[in-house]
Structures are given as structure tokens and as C-alpha cells.
Amino acid sequence: MALLNDHYLKLKAGYLFPEIGRRVNLFCQNHPEAAKRLVRCGIGDVTEPLPPAAISALHQAVDEMSRRETFRGYGPEQGYEFLRHAIAQNEFRDHGLDVADDEVFVSDGSKCDCGNILDILGDKNKIAVMDPVYPVYVDTNVMAGHTGAADEAGAFSGLIYLPCTVANGFVADVPRQKADLVYLCFPNNPTGAVASREQLTRWVNYALKHQAILLYDAAYEAYIADPAIPHSIFEIPGARDCAIEFRSFSKQGGFTGVRCAYTVVPKSLAAATRTGERTSLHPLWLRRSTTKFNGVSYFVQRAAEALFTPEGKAQVKELIAHYMGNARVLLAGAQAAGFAVYGGVNAPYIWAQAPAGFTSWQAFDKILNEANVVITPGSGFGKNGEGYFRISAFNSRANAEEVARRLPALKW
Ligand SMILES: *Cc1c(COP(=O)(O)O)cnc(C)c1O
């Protein structure tokens, strides 16, 4: 009989979002009237239409496909030159950061990239993640066989979990232990925390000292409002020798349904072979991309490119201002409700502490039943998420205002 990948069987059965869906569906069946006033602040998906610059680029690219002279078939697997250049120039070189066009690899999503990167890394690495954590980092390592089994709280043996708590402002410091791979996500999903230049410098120095690699997820960098907070790990001296950065147009341009992201792999980044020779990773990622991927569609890459035109940039700014306006409204509402609240200033997520005695799921059920609002239970992101919940600012302004009115009316 054919064998399956046993590691998949270690994954916890009840994944967070299906369980939220189940409870919400049940509520809607049992309370059809209340269901009509349901507001969803749960899953981190954008709600507003695409920037007009992206729409017109899409239309134009479709028209190009209708004529033999301008038709395009397969493109370069790692992305069209026009988009890699626009990204490297606008997102990095214009900010004084040394990133070459061919260090940018265009893909159909950061979620995929975060998982796929494991293809070019060894199986014996010691892996560190923050807790709470974006589940993709953990689950892809479980699937690859890099962990043991999960415990009651869902923590996998073999991983280093770095607690993110009120005490450390939800930004874990470097551990005493040596790790080979460290997943960092700032601005953070789910806590909305950002890392300062000093904190990121400590991480880069840690990585250089241990010859570790930082896997830096900057999916929310466009939401940073504080000018002192770094947008890229490459703002930290030495990061080109120890970091890979993941970025996405999903939250920046509202592209969650369009699908376009990119990964920056510096040519100076190296890792050890089995026999201990320092070897560059860039050719491996190029090889992986060209072998296992056939590129993002031409239309989508033109749409992403259009976000870097002057109109596109202004529209992206407006889109982010809309969501961050929601975040301010929701933050004030959650404060008025008496919750201890974090995040929501440089990120579209508010991390709220449930009143004493309430678990994350108990708070979820109460907010669903009594306020008819869907939030995300913090315990779904890890042991240290227990007792917290995440409120997403991806919504209409009217919905954000409605939620901000309803939360303070709850009696706990
Ligand atoms: C939304 C999100 C992404 C983006 O994923 P895509 O696959 O590009 O849509 C990446 N990382 C985190 C933490 C996210 O929340």
C-alpha cells in the first residue's frame, strides 16, 4: 500500500477558522433575527474594492492578451522584470536599502512562500517561533517533519516557542538557546505589535552570532504609522547576511483575492551544507522557483506594478488610511468596553484581553451571542494567546463604528 506523510496526522484536527465558522453557523441557525445584525471582525481578509490603478492595469493587460502581437504565454517563473524592478526600486532602493531586482522573487502569496522556503532549508534546523504565532509557520514545519507531536495546548515538541506577553510588549527578546531558523512577523498578526530598531538589531545580531536565518514576514509593513519603526529587516545592518523577507500585496493593495506577493533572498545569504560549507541560498530559491512554479499571471503582475505609479501609491495610502481609521474606532470602542487593549496603531489588528475569568473561547461565545460580533479567539494562535482575542480592522467604517458601540454595552 502507498504510504502517506504521517506528519500531517500530528496537526491538530480543529483548525481555528473552521471552528469559528461552525460556531457562527450554529448561531445563525438558532437566531435568524440576530444573524441579520452579525458583524464579522474575525478572519483577516480585506473588504474594500481594489485600487482603481490596479483595475485599469488589469483591463489593459486583458486587452493585450486579445491580440497576437501583445499576447503573453509563460512568463519568467520568478516574476516579470518590470515588477521585480518596480518592487526593488520603490520598496527598497528608494528607502536607501540595498536590494537588487534579481533578489526579488514574485509569487502568488506569502503564505505559500513561508511554507515553500522550507524546501531549500535542511531538516535538522532548530526552529523558533513567537507564541502567539501565525499558524502557517508552525504547521508547515509539522508537515515537513521538523517537530514531534502536539501537547494539550497545541504546542509541538521540538520547536522553541518564545512567549509574547504584556511583560515584553508582545515582542519576544532573543532566547539564550541557539536557534537556526527564527520566524519573525512585524507588524504582528495576531497581536498588532511592532518591533523597534533596537529589538530588531538584537535579533540580527543574534542571527549573525549563531549563523541563524531570520524568516521575516513583513506582510503588514504598509500599516506602520510610527516613523521610528523599521518597515524592512534590511534596514538593520547585517540583515543581508542573515535574513529572508516575505512581503505581500494582499494587505497592502487589497490583493487577497488577486494573489501576488514576493520574497527577498539576498545573494549574500548563506547556510551550511551537510559537510559544513557555507553556500549561498539565492541559487537554490531560484532553482526551486523555476522547477516548482510557473509564475504569477501577467495581468496580476501588471496590477501589482500599477500600485507603484503615483496614482497607485496615493490609492494604496487611502486604502490603508481607511483600515487604520477603523482600527482607531475599534481601539476606542474596546477601551470603552474596559478591555486591556494592544496593537491597532501600526497594524490592522487589535489584541484585547478578555475580562478576568474568561477564556478566549468564552469571550468569543459571549461577544457572538450578546453583541453579535465575530472576533478571533487568541488561544487559536498559541498558548500565550489564551485569554485574549483579536479584533480585525478589515471592514467598512459603518461596521467598525457599530462594533465600537456594541462592545461597551456588554456586561461581563
Ligand atoms: C495575510 C498574511 C500574509 C499574506 O499572505 P498571502 O498569501 O500573501 O495572502 C502573510 N503573513 C501573515 C502573517 C498574514 O497575516
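Along every chain, residues carry numbers that run from 1 in the direction the sequence is written. For this predicted model, a pLDDT threshold of at least 70 governs which residues receive local features, and a threshold of 80 or more governs which side-chain atom pairs are given and counted, while totals over whole chains, interfaces and linings are taken from all residues. For side-chain calculations, the full set of non-hydrogen atoms in the structure is used, while hydrogens and water are omitted.

S.K.: Even after reading the chapter, I still don't get the pattern of salt bridges, so can you show me in this structure?
M.R.: Think of it this way: side chains of opposite charge can pair up when their charged atoms draw near. Whenever Lys or Arg places a side-chain nitrogen within 4 Å of a carboxyl oxygen from Asp or Glu, that contact is recorded as a salt bridge. With the rule as written, the count across this model stands at 20 salt bridges. Salt-bridge contacts for R247 lead to E91; the nearest nitrogen and oxygen are separated by 3.0 Å. Of this pair, R247 sits in strand β7 (residues 243-248) while E91 sits in helix α4 (residues 81-92), and the two are 156 residues apart along the sequence. Exposure class is identical for R247 and E91. Each is buried. Among the ionic pairs, K178 bridges to D180, the shortest N-O distance being 2.7 Å. Overlapping salt bridges bring together E19, R22, R23 and D365 as one network. Helix and strand definitions here come from DSSP, where helices need a minimum of 4 consecutive H or I residues and strands a minimum of 2 consecutive E residues; each element is numbered from the N-terminal end. Each residue is assigned to one of three classes by its accessible area relative to the maximum for its type, calculated with a 1.4 Å probe on protein chains only: buried under 20%, partly exposed between the two thresholds, exposed over 50%.

S.K.: Before we go on, may I ask you to explain the packing of aromatic side chains in this structure?
M.R.: Each aromatic ring pair is specified by the distance between its two centres and by the angle formed by the two planes. Aromatic pairs are defined between Phe, Tyr and Trp rings, using the six-membered ring for Trp, whenever the two ring centres lie within 6.5 Å; interplanar angles under 30 degrees are classed as stacked, those over 60 as edge-to-face, and all others as tilted. Tallied over the entire structure, the rule returns 25 aromatic pairs. Between W203 and Y206, the aromatic rings sit 5.4 Å apart at their centres with planes inclined by 75°, giving edge-to-face as the arrangement. Linking W203 with Y206, this pair stays in helix α7 (residues 197-210), spanning three residues, or about one helical turn. We note that W203, like Y206, is buried. The interplanar angle of 5° and the centroid separation of 5.3 Å between the aromatic rings of W351 and Y388 together place this pair among those described as stacked. You can see W351 sitting in strand β12 (residues 349-353) and its partner Y388 sitting in strand β15 (residues 388-392), a full 37 residues away along the chain. Note on W351: relative accessible area 0%, which makes it buried. On the basis of relative accessible area, Y388 is assigned to the buried category, the value being 8%. Taken together, F170, Y342, W351, F381 and Y388 form an aromatic cluster joined through their ring pairs. Throughout this description, the term charge over a ring refers to an Arg CZ or Lys NZ atom that lies within 6 Å of the ring centre and within 35 degrees of the ring normal. A cation over a ring is seen here: R23 above W361, with NZ or CZ 4.0 Å from the ring centre. Geometry around Y349 places R390 over its ring, the cationic atom sitting 4.3 Å from the centre.

S.K.: Please explain the nonpolar core as it appears in this structure.
M.R.: Considering soluble globular proteins, one finds that nonpolar side chains tend to be buried as a cluster. Counting residues in each nonpolar core, the largest one holds 102 residues, and the members touching the most others are L214 and I233. A per-element tally of this core places helix α11 (residues 310-336) first, with nine residues. Residue assignment places this core across two domains, with domain 1 (6-49 + 311-409) and domain 2 (55-308) each supplying three or more. Contacts are assigned to residue pairs that have any heavy atoms within 4.5 Å of one another. If sequence neighbours within four positions are ignored, L214 has contacts with V182, L184, W203, V204, A207, I233, C242, A243 and I244. To form a nonpolar core, buried Ala, Val, Leu, Ile, Met, Phe, Trp, Tyr and Cys residues must be joined to one another through side-chain atoms within 4.5 Å. Judged by nonpolar contacts, the second largest core, of 26 residues, contains Y137, F156, F246 and V265. Marked domain ranges trace back to an automatic or database domain assignment.

S.K.: Looking at this structure, how should I read the domain arrangement of the protein chain?
M.R.: Assigned domains of the protein chain: these are domain 1 (6-49 + 311-409) and domain 2 (55-308). A separation of 25 Å is found between the C-alpha centroids of domain 1 and domain 2. Across the contact, 33 residues belong to domain 1 and 45 residues belong to domain 2. Buried area is understood as the total, over both parts, of accessible area removed when two parts are fitted together, assessed with a 1.4 Å probe. Both faces combined, the contact of domain 1 with domain 2 buries some 3200 Å², and carbon together with sulfur accounts for 64% of it. Seen at the junction of domain 1 and domain 2, the total is zero salt bridges. Whenever two N or O atoms come within 3.5 Å, that pair is a polar contact, provided that in protein one can donate a hydrogen and the other can accept it, and provided that, for residues adjacent in sequence, both atoms are side-chain atoms. Inspection of the region where domain 1 meets domain 2 yields eleven residue pairs in polar contact (both at pLDDT 80 or more). Broken down by secondary-structure element, the contributors of at least two residues to the side of domain 1 that touches domain 2 are α11, β11 (340-343), β12 and β15.

S.K.: Which parts of the structure should I look at to understand the packing of helix α1 (residues 16-30) against helix α12 (residues 360-371)?
M.R.: The description of two helices packed together rests on the angle between their axes and the distance between the axes. Between α1 and α12, the shortest axis-to-axis distance is 11 Å and the interhelical angle comes to 35°. As α1 packs across α12, the resulting crossing turns out to be right-handed. From α1, L16, E19, I20, R23, V24 and F27 reach across to α12, where they touch W361, F364, D365, L368 and N369. Classifying every residue of the contact of α1 with α12 gives seven nonpolar, one polar and three charged. What counts as an axis is a line fitted to C-alpha atoms, over the stretch in contact for a helix, and the angles between N-to-C directions run from 0 to 180 degrees. By convention the crossing between two helices is left-handed if the near helix lies anticlockwise of the far one by an angle smaller than a right angle, and right-handed if it lies clockwise. Note on residue classes: Ala, Val, Leu, Ile, Met, Phe, Trp, Tyr, Cys and Pro are nonpolar, Asp, Glu, Lys and Arg are charged, and everything else, Gly too, is polar.

S.K.: Teacher, can you tell me more about the environment of R278 here?
M.R.: Here R278 shows up in strand β10 (residues 278-280). Residue classification places R278 among the exposed residues on the basis of a relative accessible area of 55%. Each residue touching R278, except ones within four places of it in the same chain, is listed here: Q211, S268, A270 and A271.

S.K.: Looking at this structure, I do not really get the site of the ligand. What am I missing?
M.R.: Around the ligand, the structure places 15 residues, and the nearest of them are D217, Y220, S248, S250 and K251. Between the ligand and the protein, one listed contact pairs a nitrogen atom with a side-chain N or O atom of D217 at 2.7 Å. In this structure, K251 approaches the ligand through a side-chain N or O atom, which is 3.3 Å from an oxygen atom. Per-residue and other accessible areas follow the Shrake-Rupley method at a 1.4 Å probe size, with only the shown protein chains counted as cover for residues. In isolation the ligand exposes 380 Å². Once the protein is present, 94% of that is buried. Listing elements by their share of the shell around the ligand, those giving two or more residues are α5 (110-116) and α8 (249-252). Classifying every residue of the shell around the ligand gives six nonpolar, five polar and four charged. By convention in this text, a residue qualifies as near a molecule or strand provided that one of its non-hydrogen atoms is within 4 Å of it.

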